[in-house]
Amino acid sequence: MSRETLFNAAILALLVAVPGWALAAGEPFTITLATRAVIFALAAVGLNIALGLGGLVSLGHAVYFGIGGYAMGILAWHAQSHTPLIDGWLTLPGTKSMPVIWLVAIAASALAALLIGLLSLRTSGVYFIMITLAFGQMVYFFAISWPAYGGEDGLPIYVRNGFPGLNTLVPIQFYGICLALLCAVLALNAALARSPFGLALNAARQSPQRVECVGLDPVRLKLVALVISGAITGLAGALFADLNRFVSPVMFSWQMSGEIMVFIIIGGVGRLFGPVAGAGLYVLLEHLLGGVSEYWQIFLGGLLLIVVLFARGGLAGLIAGRRVAHD
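From a predicted model like this one, the values you see are computed outputs, not experimental measurements. (Residues numbered from 1 in each chain as written. Predicted model: local features only at pLDDT ≥ 70, side-chain atom pairs only at ≥ 80, totals over all residues. Heavy atoms only, no water.)

Undergrad: Which parts of the structure should I look at to understand the nonpolar core?
TA: Burial of nonpolar side chains together is a common tendency in soluble globular proteins. In this structure, L182 and V276 are the most contacted members of the largest nonpolar core, which totals 85 residues. Per-element accounting of this core gives the leading share, 16 residues, to helix α2 (residues 29-53). Listed in part, the 12 residues of the second largest apolar core include A50, L56, A113 and L223. (Core = buried A, V, L, I, M, F, W, Y, C linked by side-chain atoms within 4.5 Å. Buried < 20%, exposed > 50% of the residue type's maximum accessible area, 1.4 Å probe, protein only. Helix = DSSP H or I, 4+ residues; strand = E, 2+ residues; numbered from the N terminus.)

Undergrad: Got a minute to help me understand the packing of aromatic side chains in this structure?
TA: Where two aromatic rings form a pair, the distance of their centres and the angle of their planes describe that pair. Counted by the stated rule, this structure contains 13 aromatic pairs. The rings of F40, F65, F240, F263, Y282 and W296 are connected pair by pair, giving a single aromatic cluster. The ring of F174 has R160 sitting right over it, with the charged end atom 4.4 Å from the ring centre. (Phe/Tyr/Trp six-rings, centres within 6.5 Å; stacked < 30°, edge-to-face > 60°. Lys NZ or Arg CZ within 6 Å of the ring centre and 35° of its normal.)

Undergrad: Can you walk me through the state of the cysteines in this structure?
TA: Such a bond, covalent and formed between the sulfur atoms of two cysteines, is termed a disulfide. Counted according to the given criterion, the structure contains zero disulfides. Looking at C183, it has no disulfide partner, and the nearest cysteine sulfur is the one in C178, 11 Å off. Judged by relative accessible area, C183 falls into the partly exposed class, the value being 30%. (Disulfide = S-S within 2.5 Å.)

Undergrad: Is there a simple way to explain the pattern of salt bridges in this structure?
TA: Proximity of charged atoms lets side chains of opposite charge pair with each other. By the definition in use, this model includes two salt bridges. With its nearest N and O atoms 2.6 Å apart, the salt bridge here joins R271 to E4. Linking R271 in the loop between α10 (254-267) and α11 (274-290) with E4 in helix α1 (residues 3-24), this pair joins segments that are 267 residues apart in sequence. Its relative accessible area of 2% is what places R271 among the buried residues. With relative accessibility at 2%, the residue E4 sits in the buried group. For E286, the salt bridge is made with R36, and the minimal N-O distance between the two is 3.3 Å. Of this pair, E286 sits in helix α11 while R36 sits in helix α2, and the two are 250 residues apart along the sequence. (Salt bridge = Lys/Arg side-chain N within 4 Å of Asp/Glu carboxyl O.)

Undergrad: Whenever I open this one, helix α4 (residues 98-120) confuses me. Can you help?
TA: Residues spaced three or four apart along an α-helix point in a common direction, a consequence of the helix completing one turn every 3.6 residues. Its 23 residues give α4 an end-to-end C-alpha distance of 31 Å, which sits within 8% of 33 Å, the value for a rise of 1.5 Å per residue. For α4, the complete set of buried residues consists of M98, I101, W102, A105, S109, A110, A112, A113, I116, G117 and S120. Those residues of α4 hidden inside the fold are in contact with α3 (62-81), α5 (126-144), α6 (171-194) and α9 (218-244). (Expected span 1.5 Å × (residues − 1). Contact = heavy atoms within 4.5 Å.)

As C-alpha coordinates, then:
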(Lines give C-alpha, C1' and ligand atoms only; values in the text may rest on other atoms or scores of the structure.)
Protein backbone atom coordinates (compact mmCIF):
# COMPACT_ATOMS: atom_id res chain seq x y z
CA MET A 1 0.00 0.00 0.00
CA SER A 2 1.48 3.34 -1.08
CA ARG A 3 1.98 6.34 1.18
CA GLU A 4 -0.60 8.28 -0.81
CA THR A 5 -3.19 5.57 -0.26
CA LEU A 6 -2.51 5.75 3.46
CA PHE A 7 -2.75 9.55 3.32
CA ASN A 8 -6.10 9.35 1.53
CA ALA A 9 -7.44 6.73 3.93
CA ALA A 10 -6.38 8.80 6.95
CA ILE A 11 -8.21 11.89 5.67
CA LEU A 12 -11.34 9.87 4.89
CA ALA A 13 -11.26 8.25 8.33
CA LEU A 14 -10.89 11.68 9.92
CA LEU A 15 -13.91 12.99 8.03
CA VAL A 16 -15.98 10.02 9.15
CA ALA A 17 -14.84 10.33 12.78
CA VAL A 18 -15.30 14.09 13.20
CA PRO A 19 -19.08 14.14 13.83
CA GLY A 20 -18.89 11.31 16.34
CA TRP A 21 -16.11 13.06 18.24
CA ALA A 22 -18.02 16.35 18.14
CA LEU A 23 -21.13 14.78 19.66
CA ALA A 24 -19.13 12.92 22.31
CA ALA A 25 -17.24 16.10 23.24
CA GLY A 26 -20.40 18.19 23.35
CA GLU A 27 -19.26 20.46 20.51
CA PRO A 28 -21.95 20.16 17.82
CA PHE A 29 -20.73 23.35 16.12
CA THR A 30 -17.70 21.34 14.98
CA ILE A 31 -20.05 19.37 12.72
CA THR A 32 -21.06 22.61 10.98
CA LEU A 33 -17.38 23.51 10.51
CA ALA A 34 -16.70 20.05 9.10
CA THR A 35 -19.68 20.41 6.76
CA ARG A 36 -18.26 23.71 5.52
CA ALA A 37 -14.89 22.03 4.92
CA VAL A 38 -16.49 19.13 3.03
CA ILE A 39 -18.45 21.49 0.77
CA PHE A 40 -15.36 23.57 0.04
CA ALA A 41 -13.49 20.33 -0.66
CA LEU A 42 -16.21 19.32 -3.13
CA ALA A 43 -15.80 22.62 -4.99
CA ALA A 44 -12.01 22.21 -5.00
CA VAL A 45 -12.22 18.64 -6.29
CA GLY A 46 -14.31 20.02 -9.15
CA LEU A 47 -11.69 22.63 -10.01
CA ASN A 48 -8.93 20.03 -9.60
CA ILE A 49 -10.36 18.08 -12.55
CA ALA A 50 -9.81 21.11 -14.78
CA LEU A 51 -6.57 22.24 -13.11
CA GLY A 52 -4.89 19.00 -12.07
CA LEU A 53 -5.82 16.89 -15.10
CA GLY A 54 -6.35 19.54 -17.76
CA GLY A 55 -3.91 22.24 -16.67
CA LEU A 56 -6.66 24.89 -16.84
CA VAL A 57 -5.90 27.68 -14.38
CA SER A 58 -9.38 29.14 -13.98
CA LEU A 59 -10.02 32.25 -11.88
CA GLY A 60 -13.71 32.16 -12.71
CA HIS A 61 -14.88 29.01 -10.98
CA ALA A 62 -16.91 31.09 -8.56
CA VAL A 63 -19.32 31.52 -11.50
CA TYR A 64 -20.33 27.87 -11.24
CA PHE A 65 -20.25 27.95 -7.44
CA GLY A 66 -22.59 30.95 -7.45
CA ILE A 67 -24.88 29.53 -10.14
CA GLY A 68 -25.33 26.42 -8.02
CA GLY A 69 -26.08 28.58 -4.99
CA TYR A 70 -28.59 30.74 -6.83
CA ALA A 71 -30.25 27.69 -8.39
CA MET A 72 -30.94 26.52 -4.84
CA GLY A 73 -31.92 29.99 -3.62
CA ILE A 74 -34.31 30.78 -6.45
CA LEU A 75 -36.07 27.41 -6.41
CA ALA A 76 -36.38 27.39 -2.62
CA TRP A 77 -37.50 31.05 -2.46
CA HIS A 78 -40.33 30.41 -4.92
CA ALA A 79 -41.33 27.33 -2.95
CA GLN A 80 -41.40 29.13 0.40
CA SER A 81 -43.21 32.18 -1.03
CA HIS A 82 -45.70 29.98 -2.94
CA THR A 83 -45.07 31.85 -6.19
CA PRO A 84 -44.42 30.04 -9.48
CA LEU A 85 -40.97 30.20 -10.99
CA ILE A 86 -42.57 30.58 -14.41
CA ASP A 87 -46.19 31.65 -14.82
CA GLY A 88 -48.17 31.51 -18.04
CA TRP A 89 -49.10 28.72 -20.37
CA LEU A 90 -46.45 26.62 -18.61
CA THR A 91 -46.52 26.95 -14.84
CA LEU A 92 -43.29 25.88 -13.17
CA PRO A 93 -43.27 25.91 -9.36
CA GLY A 94 -40.30 26.17 -7.03
CA THR A 95 -39.13 23.23 -4.97
CA LYS A 96 -37.50 22.42 -1.66
CA SER A 97 -36.36 18.96 -2.69
CA MET A 98 -32.57 18.66 -2.53
CA PRO A 99 -32.21 16.06 -5.32
CA VAL A 100 -34.21 18.22 -7.75
CA ILE A 101 -32.24 21.32 -6.77
CA TRP A 102 -28.96 19.45 -7.25
CA LEU A 103 -29.97 18.39 -10.76
CA VAL A 104 -30.89 21.97 -11.68
CA ALA A 105 -27.67 23.31 -10.15
CA ILE A 106 -25.54 20.74 -11.99
CA ALA A 107 -27.29 21.34 -15.32
CA ALA A 108 -27.14 25.16 -15.05
CA SER A 109 -23.48 25.14 -14.01
CA ALA A 110 -22.52 22.67 -16.73
CA LEU A 111 -24.27 24.81 -19.35
CA ALA A 112 -22.47 27.93 -18.11
CA ALA A 113 -19.14 26.07 -18.18
CA LEU A 114 -19.85 24.95 -21.75
CA LEU A 115 -20.60 28.48 -22.95
CA ILE A 116 -17.69 30.05 -21.08
CA GLY A 117 -15.37 27.25 -22.16
CA LEU A 118 -16.23 27.65 -25.85
CA LEU A 119 -14.97 31.23 -25.67
CA SER A 120 -12.22 30.91 -23.05
CA LEU A 121 -10.48 27.94 -24.64
CA ARG A 122 -9.77 29.99 -27.73
CA THR A 123 -7.00 31.43 -25.55
CA SER A 124 -4.34 29.88 -23.34
CA GLY A 125 -1.94 30.74 -20.55
CA VAL A 126 -2.39 34.10 -18.86
CA TYR A 127 -5.07 35.07 -21.39
CA PHE A 128 -7.21 32.11 -20.32
CA ILE A 129 -6.78 33.15 -16.68
CA MET A 130 -7.86 36.71 -17.43
CA ILE A 131 -10.87 35.81 -19.56
CA THR A 132 -12.22 33.44 -16.90
CA LEU A 133 -11.71 36.21 -14.34
CA ALA A 134 -13.58 38.61 -16.62
CA PHE A 135 -16.54 36.24 -16.93
CA GLY A 136 -16.59 35.88 -13.17
CA GLN A 137 -16.73 39.64 -12.66
CA MET A 138 -19.47 39.99 -15.27
CA VAL A 139 -21.71 37.51 -13.50
CA TYR A 140 -20.85 39.02 -10.10
CA PHE A 141 -22.01 42.49 -11.14
CA PHE A 142 -25.09 41.03 -12.81
CA ALA A 143 -26.06 39.35 -9.52
CA ILE A 144 -25.57 42.64 -7.65
CA SER A 145 -27.93 44.40 -10.06
CA TRP A 146 -30.61 41.65 -9.99
CA PRO A 147 -33.23 43.11 -7.60
CA ALA A 148 -35.75 40.31 -8.19
CA TYR A 149 -33.58 38.03 -6.03
CA GLY A 150 -32.16 40.41 -3.46
CA GLY A 151 -29.51 42.20 -5.49
CA GLU A 152 -26.54 43.15 -3.35
CA ASP A 153 -28.37 42.12 -0.14
CA GLY A 154 -28.72 38.50 -1.19
CA LEU A 155 -31.60 36.11 -0.71
CA PRO A 156 -32.45 34.42 2.63
CA ILE A 157 -33.97 30.93 2.77
CA TYR A 158 -35.80 30.35 6.02
CA VAL A 159 -35.84 26.53 6.18
CA ARG A 160 -33.23 24.12 4.85
CA ASN A 161 -34.37 22.05 1.90
CA GLY A 162 -35.39 18.45 2.39
CA PHE A 163 -33.98 15.06 1.47
CA PRO A 164 -36.18 11.93 1.41
CA GLY A 165 -35.96 9.97 4.65
CA LEU A 166 -33.66 12.43 6.46
CA ASN A 167 -34.04 15.49 8.64
CA THR A 168 -31.58 17.91 7.07
CA LEU A 169 -31.96 20.35 9.97
CA VAL A 170 -30.03 17.86 12.12
CA PRO A 171 -26.37 18.84 11.48
CA ILE A 172 -24.98 15.31 11.45
CA GLN A 173 -27.52 14.17 8.86
CA PHE A 174 -26.79 17.08 6.54
CA TYR A 175 -23.08 16.42 7.05
CA GLY A 176 -23.63 12.81 6.03
CA ILE A 177 -25.29 13.93 2.79
CA CYS A 178 -22.40 16.27 1.96
CA LEU A 179 -19.77 13.65 2.81
CA ALA A 180 -21.51 11.02 0.67
CA LEU A 181 -21.54 13.39 -2.29
CA LEU A 182 -17.87 14.21 -1.75
CA CYS A 183 -16.97 10.51 -1.73
CA ALA A 184 -18.98 9.97 -4.93
CA VAL A 185 -17.19 12.84 -6.67
CA LEU A 186 -13.79 11.61 -5.47
CA ALA A 187 -14.60 8.19 -6.92
CA LEU A 188 -15.58 9.88 -10.19
CA ASN A 189 -12.33 11.86 -10.17
CA ALA A 190 -10.28 8.71 -9.63
CA ALA A 191 -12.17 6.90 -12.42
CA LEU A 192 -11.66 9.83 -14.81
CA ALA A 193 -7.93 9.96 -14.07
CA ARG A 194 -7.56 6.26 -14.96
CA SER A 195 -9.91 6.32 -17.96
CA PRO A 196 -8.79 6.79 -21.59
CA PHE A 197 -10.33 10.28 -21.40
CA GLY A 198 -8.24 11.16 -18.35
CA LEU A 199 -5.06 9.86 -19.96
CA ALA A 200 -5.78 11.81 -23.13
CA LEU A 201 -6.56 14.94 -21.11
CA ASN A 202 -3.31 14.60 -19.19
CA ALA A 203 -1.46 14.21 -22.48
CA ALA A 204 -3.22 17.31 -23.86
CA ARG A 205 -2.04 19.23 -20.82
CA GLN A 206 1.57 18.18 -21.36
CA SER A 207 1.83 18.25 -25.16
CA PRO A 208 -1.21 19.39 -27.17
CA GLN A 209 0.68 19.04 -30.47
CA ARG A 210 1.37 15.34 -29.92
CA VAL A 211 -2.27 14.73 -29.00
CA GLU A 212 -3.35 16.37 -32.27
CA CYS A 213 -0.94 14.13 -34.16
CA VAL A 214 -2.79 11.01 -32.97
CA GLY A 215 -6.14 12.41 -34.08
CA LEU A 216 -7.50 13.84 -30.81
CA ASP A 217 -8.70 17.40 -30.27
CA PRO A 218 -7.04 18.84 -27.13
CA VAL A 219 -9.48 21.77 -26.99
CA ARG A 220 -12.46 19.42 -26.98
CA LEU A 221 -10.88 17.33 -24.23
CA LYS A 222 -10.32 20.42 -22.10
CA LEU A 223 -13.86 21.64 -22.78
CA VAL A 224 -15.33 18.36 -21.51
CA ALA A 225 -13.12 18.59 -18.42
CA LEU A 226 -14.26 22.17 -17.81
CA VAL A 227 -17.93 21.19 -18.11
CA ILE A 228 -17.51 18.31 -15.63
CA SER A 229 -15.54 20.60 -13.33
CA GLY A 230 -18.19 23.33 -13.50
CA ALA A 231 -21.01 20.89 -12.80
CA ILE A 232 -19.31 19.58 -9.64
CA THR A 233 -18.52 23.08 -8.43
CA GLY A 234 -22.15 24.06 -9.02
CA LEU A 235 -23.29 21.15 -6.85
CA ALA A 236 -20.98 22.41 -4.10
CA GLY A 237 -22.52 25.88 -4.45
CA ALA A 238 -26.02 24.49 -3.94
CA LEU A 239 -24.88 22.67 -0.78
CA PHE A 240 -23.09 25.77 0.50
CA ALA A 241 -26.24 27.86 0.06
CA ASP A 242 -28.25 25.19 1.87
CA LEU A 243 -25.74 25.14 4.72
CA ASN A 244 -26.02 28.91 5.22
CA ARG A 245 -29.65 29.15 4.12
CA PHE A 246 -28.60 32.29 2.28
CA VAL A 247 -27.23 33.22 -1.14
CA SER A 248 -25.51 36.45 -2.14
CA PRO A 249 -23.38 37.82 -4.99
CA VAL A 250 -20.29 37.16 -2.84
CA MET A 251 -20.51 33.57 -4.08
CA PHE A 252 -19.57 34.91 -7.54
CA SER A 253 -16.62 37.03 -6.37
CA TRP A 254 -13.08 36.55 -7.63
CA GLN A 255 -12.03 36.06 -4.00
CA MET A 256 -14.13 32.91 -3.90
CA SER A 257 -12.43 31.64 -7.07
CA GLY A 258 -9.08 32.38 -5.45
CA GLU A 259 -9.99 30.55 -2.26
CA ILE A 260 -11.01 27.42 -4.18
CA MET A 261 -7.67 27.48 -5.97
CA VAL A 262 -5.82 28.01 -2.68
CA PHE A 263 -7.40 24.81 -1.32
CA ILE A 264 -5.86 22.88 -4.19
CA ILE A 265 -2.44 24.51 -3.99
CA ILE A 266 -2.17 23.90 -0.24
CA GLY A 267 -3.41 20.32 -0.51
CA GLY A 268 -1.66 19.35 -3.73
CA VAL A 269 -2.49 20.02 -7.39
CA GLY A 270 -3.51 16.85 -9.21
CA ARG A 271 -3.74 14.81 -6.00
CA LEU A 272 -6.99 12.99 -5.35
CA PHE A 273 -7.37 14.04 -1.71
CA GLY A 274 -5.20 17.15 -1.97
CA PRO A 275 -8.20 19.53 -2.30
CA VAL A 276 -9.85 17.82 0.70
CA ALA A 277 -6.77 18.34 2.87
CA GLY A 278 -6.41 21.94 1.69
CA ALA A 279 -10.05 22.82 2.36
CA GLY A 280 -9.96 21.20 5.78
CA LEU A 281 -6.80 23.07 6.77
CA TYR A 282 -8.26 26.35 5.49
CA VAL A 283 -11.45 26.01 7.55
CA LEU A 284 -9.42 24.98 10.60
CA LEU A 285 -7.14 28.02 10.30
CA GLU A 286 -10.14 30.28 9.72
CA HIS A 287 -11.76 28.97 12.91
CA LEU A 288 -8.68 29.00 15.13
CA LEU A 289 -7.01 32.19 13.90
CA GLY A 290 -10.16 34.13 13.04
CA GLY A 291 -10.84 34.63 16.73
CA VAL A 292 -7.29 35.87 17.31
CA SER A 293 -7.16 38.49 14.58
CA GLU A 294 -9.41 39.70 11.78
CA TYR A 295 -6.28 39.67 9.61
CA TRP A 296 -5.81 35.92 9.96
CA GLN A 297 -5.33 35.63 6.18
CA ILE A 298 -1.79 36.93 6.76
CA PHE A 299 -0.95 33.57 8.35
CA LEU A 300 -2.68 31.79 5.47
CA GLY A 301 -0.56 33.79 3.03
CA GLY A 302 2.58 32.75 4.90
CA LEU A 303 1.54 29.11 4.73
CA LEU A 304 0.81 29.41 1.03
CA LEU A 305 4.23 30.96 0.46
CA ILE A 306 5.93 28.09 2.31
CA VAL A 307 4.00 25.51 0.28
CA VAL A 308 4.88 27.16 -3.03
CA LEU A 309 8.57 27.49 -2.16
CA PHE A 310 9.29 24.29 -0.25
CA ALA A 311 6.41 21.83 -0.79
CA ARG A 312 5.22 22.24 -4.35
CA GLY A 313 3.24 19.02 -4.12
CA GLY A 314 1.23 20.52 -1.27
CA LEU A 315 0.41 18.62 1.89
CA ALA A 316 -0.17 15.46 -0.12
CA GLY A 317 3.22 15.74 -1.79
CA LEU A 318 4.95 16.52 1.49
CA ILE A 319 3.45 13.55 3.30
CA ALA A 320 2.91 11.02 0.54
CA GLY A 321 5.86 11.79 -1.71
CA ARG A 322 6.24 13.51 -5.05
CA ARG A 323 4.66 10.90 -7.28
CA VAL A 324 1.19 12.00 -8.38
CA ALA A 325 -1.18 9.08 -8.09
CA HIS A 326 -4.90 8.78 -7.69
CA ASP A 327 -5.02 5.92 -5.23
